[in-house]
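This is what each chain is made of:
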Amino acid sequence: MPAPGGVGPVDAALVFALVGFGAPTGLATATAVGYRVLTVWVPLLPGALVLSALVQRKVL
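Numbering of residues starts from 1 in each chain and follows the order in which that chain's sequence is written. With the structure being a predicted model, the display of local features is reserved for residues of pLDDT at least 70 and the display and counting of side-chain atom pairs for 80 or more, all residues being used for whole-chain, interface and lining totals. To get the side-chain values, all heavy atoms of the structure are used, and hydrogens and water are removed first.

Caption draft 1: Representation of helix α3 (residues 44-56). The terminal C-alpha atoms of α3, which comprises 13 residues, lie 18 Å apart, in line with the 18 Å expected from a rise of 1.5 Å per residue. Just downstream of α3, lysine 58 is the residue with a positive phi angle, here 60 degrees. Helix and strand labels come from DSSP, where a helix needs a run of H or I of at least four residues and a strand needs a run of E of at least two; each type is numbered from the N terminus. The span expected for a helix works out to 1.5 Å for each residue beyond the first.

Caption draft 2: Representation of the pattern of salt bridges. When a carboxyl oxygen of Asp or Glu lies within 4 Å of a side-chain nitrogen of Lys or Arg, that pair is called a salt bridge. Scanning the entire structure with this criterion turns up 1 salt bridge. Salt-bridge contacts for arginine 36 lead to aspartate 11; the nearest nitrogen and oxygen are separated by 3.0 Å. Of the two residues, arginine 36 sits in helix α2 (residues 25-41) while aspartate 11 sits in helix α1 (residues 9-20), which places them 25 residues apart along the sequence. Look at aspartate 11 and you get buried, because its relative accessible area is 17%. Here the term buried applies to any residue with accessible area under 20% of the maximum for its type, exposed to any over 50%, and partly exposed to those in between, with areas from a 1.4 Å probe on protein chains only.

Caption draft 3: Focus on the packing of α1 against α2. In contact at an axis separation of 9 Å, α1 and α2 are set at 145 degrees when each is read in the N-to-C sense. Remark: the crossing between α1 and α2 carries right-handed chirality. Contacts between α1 and α2 pair Val10, Asp11, Leu14, Val15, Leu18 and Val19 from the former with Thr25, Ala28, Thr29, Thr31, Ala32, Tyr35 and Arg36 from the latter. Considered class by class, the residues forming the contact of α1 with α2 number 8 nonpolar, 3 polar and 2 charged. All axes are obtained by fitting lines to C-alpha atoms, using only the stretch in contact for helices, and the reported angles, taken between N-to-C directions, cover 0 to 180 degrees. Crossing handedness follows the turn of the near helix against the far one: under a right angle anticlockwise gives a left-handed crossing, and clockwise gives a right-handed one. Here, two residues are considered to be in contact whenever any of their heavy atoms come within 4.5 Å of each other. The classification used treats Ala, Val, Leu, Ile, Met, Phe, Trp, Tyr, Cys and Pro as nonpolar, Asp, Glu, Lys and Arg as charged, and all other residues, Gly among them, as polar.

Laid out in structure tokens, this is it:
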């Protein structure tokens, strides 16, 4: 079943692939969480700041 942004299936596949290549499970899980943080959560802060500035300037 499709998930928004691939959250869940992509993370599980990344963990399983890393473990399959010999990485410890804890490290593989931390890597998947770090990947998700860097690709989804970190970009939200600059985006929110830009949106706020555009709304205050009545551009949007």
